[in-house]
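What the coordinates show
The primary structure of each chain is shown beneath.
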Amino acid sequence: AAGVIQSPRHLIKEKRETATLKCYPIPRHDTVYWYQQGPGQDPQFLISFYEKMQSDKGSIPDRFSAQQFSDYHSELNMSSLELGDSALYFCASSKNRVTGELFFGEGSRLTVL
Amino acid sequence: SQQGEEDPQALSIQEGENATMNCSYKTSINNLQWYRQNSGRGLVHLILIRSNEREKHSGRLRVTLDTSKKSSSLLITASRAADTASYFCAPAYGNNRLAFGKGNQVVVIP
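Residues numbered from 1 in each chain as written. Chains lettered and ligands numbered in written order. Predicted model: local features only at pLDDT ≥ 70, side-chain atom pairs only at ≥ 80, totals over all residues. Heavy atoms only, no water.

A word on the sheet that holds strand β4 (residues 31-37) of chain B
Residue and element names in this part refer to chain B. Pairing within the open sheet is mixed, and its five strands lie in the order β2-β10-β9-β4-β5. Edge positions in the sheet fall to β2 (10-14) and β5 (43-50), since each has one partner strand and no second. Neighbour-to-neighbour, the strand axes of this sheet turn through a mean angle of 25 degrees, independent of strand direction. In terms of strand pairing, β2 meets strand β10 (residues 104-109) through five bridges, oriented parallel. Residue A10 lies in a different strand from β10, and its bridge partner there is Q105. (Pairing = 2+ DSSP bridges. Helix = DSSP H or I, 4+ residues; strand = E, 2+ residues; numbered from the N terminus. Axes fitted to C-alpha atoms, helices over the stretch in contact; angles between N-to-C directions.)

Looking at the layout of surface pockets
Its volume calculated, the largest pocket comes out at about 430 Å³. Residue lining of the largest pocket: 24 residues in total, with A:Q37, A:G40, A:Q41, B:Q37 and B:S86 positioned closest to the centre. Broken down by secondary-structure element, the contributors of at least two residues to the lining of the largest pocket are β9 (87-94) and β11 (108-112) of chain A together with β9 (85-92) and β10 of chain B. Considered class by class, the residues forming the lining of the largest pocket number six nonpolar, 16 polar and two charged. Within this model, the second largest pocket holds a volume of roughly 270 Å³. If you trace the second largest pocket, you find 19 residues lining it, with A:F104, A:E106, B:G42, B:L43 and B:V44 closest to the centre. Mapped by element, the contributors of at least two residues to the lining of the second largest pocket are β10 (103-104) of chain A together with β4 and β5 of chain B. Looking at the lining of the second largest pocket element by element, the count peaks at three residues for β5(B). (1 Å grid on protein atoms, 1.4 Å probe; cavity = no way out; pocket = protein on both sides within 12 Å on 5 of 7 lines; lining within 4 Å. Points joined across faces, edges and corners; volume = space filled by probe spheres on them. Nonpolar A, V, L, I, M, F, W, Y, C, P; charged D, E, K, R; others polar.)

Topic: the interface of chain A and chain B
On the side of chain B, 22 residues touch chain A, which itself brings 26 residues to the contact. Carbon and sulfur atoms supply 43% of the area buried between chain A and chain B, which totals about 1900 Å² over both sides. At the boundary of chain A with chain B, the tally comes to two salt bridges. Between B:R97 and A:D56 there is a salt bridge; the shortest N-O distance is 2.8 Å. (Contact = heavy atoms within 4.5 Å. Buried area = accessible area lost by both parts, 1.4 Å probe. Salt bridge = Lys/Arg side-chain N within 4 Å of Asp/Glu carboxyl O.)

Looking at the nonpolar core
Of all hydrophobic cores here, the largest spans 23 residues; its most connected members are B:M21, B:L32, B:W34, B:L46, B:L74, B:I76 and B:Y87. Of all the secondary structure elements, the ones that give two or more residues to this core are β3 (19-24), β4, β5, β7 (61-66), β8 (71-76), β9 and β10 of chain B. Residues contacting B:I76, with those up to four places away along its chain left out, are B:E17, B:N18, B:A19, B:M21, B:R60, B:L61, B:D83 and B:Y87. Counting 22 residues, the second-largest nonpolar core is a separate cluster that includes A:V4, A:A19, A:L81 and A:C91. (Core = buried A, V, L, I, M, F, W, Y, C linked by side-chain atoms within 4.5 Å. Buried < 20%, exposed > 50% of the residue type's maximum accessible area, 1.4 Å probe, protein only.)

Digging into the state of the cysteines
Within the structure shown, the criterion is met by two disulfides over all chains. Between A:C23 and A:C91 runs a disulfide, and the two sulfur atoms are separated by 1.8 Å. Since a negative S-S torsion denotes a left-handed disulfide, the A:C23-A:C91 link at about -55 degrees is left-handed. Of the two residues, A:C23 is situated in strand β3 (residues 19-24) and A:C91 in strand β9; the sequence distance between them amounts to 68 residues. One exposure class covers both A:C23 and A:C91, and it is buried. Between B:C23 and B:C89 runs a disulfide, and the two sulfur atoms are separated by 1.8 Å. Here B:C23, found in strand β3, pairs with B:C89, found in strand β9; they are 66 residues apart in sequence, far enough to count as distant. (Disulfide = S-S within 2.5 Å.)

Some remarks on the sheet that holds strand β8 (residues 74-78) of chain A
All names here are of chain A. With antiparallel pairing, four strands are arranged side by side in an open sheet as β1-β3-β8-β7. Whereas interior strands pair on both sides, the edge strands pair on one side only; in this sheet they are β1 (5-7) and β7 (64-68). Pairs of neighbouring strands in the sheet enclose a mean axial angle of 15 degrees, with direction left out of account. Of the strand pairs in this sheet, β3 and β8 are connected by five bridges, and their pairing is antiparallel. Among the inter-strand pairings, T20 is bridged to a residue of β8, identified as N77.

Below, the structure written as structure tokens:
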């Protein structure tokens with residue numbers, strides 16, 4: 001069965017650079033979520049989209065932005081990167097935005113040097 | 001805090017034993033979900049229990065939910081070495097926002 005695809009899987013950037021992460025949800029899933037998990041930390045909700053519109057916003061820094069495109073894939077753009085942005089970034093999708101299980105991708109590991 | 005708070009944080013058991021993890025939360029939820037994560041990997045959904053349910057089973061997993069105490073428990077029966085992972089409880093609020101807790105590290109010794 002198709003799963004959530006994230007790219008790139010690993011990314012190394014310098015401070016103050018910009019990074020873009022991509023997420024391809026499971027077909028026919030209309031909701032996409034982004035989570036950030038720092039080393040040894042729990043996943044923190046960043047933002048979610050339903051039918052290409054932002055549906056919820058969590059602890060996403062102003063330096064970050066995200067969108068969902070017409071083909072339902074989503075991109076997380078991170079600018080002016082800081083050392084503290086080093087983390088695993090997970091994308092998840094669901095077919096029930098009100099109440100349902102989330103299917104997570106394998107994550108994109110961002111390292112900021 | 002909306003986040004789930006697991007207890008205990010780390011658990012080491014022998015293969016074949018049962019493992020129990022507890023989770024508490026602070027405000028009303030739509031449902032509560034449990035996920036597992038192998039080191040550095042993605043989160044895998046295990047089970048979802050709705051706010052009007054009290055107990056749910058899935059294979060060797062048993063989840064309970066007590067909304068009056070705002071707590072949930074996950075029981076893994078007859079544990080296997082492959083169950084070694086971190087287990088997260090995630091209360092779900094509006095817009096299906098999951099509030100993950102810090103997770104339980106479970107080590108099953110063969």
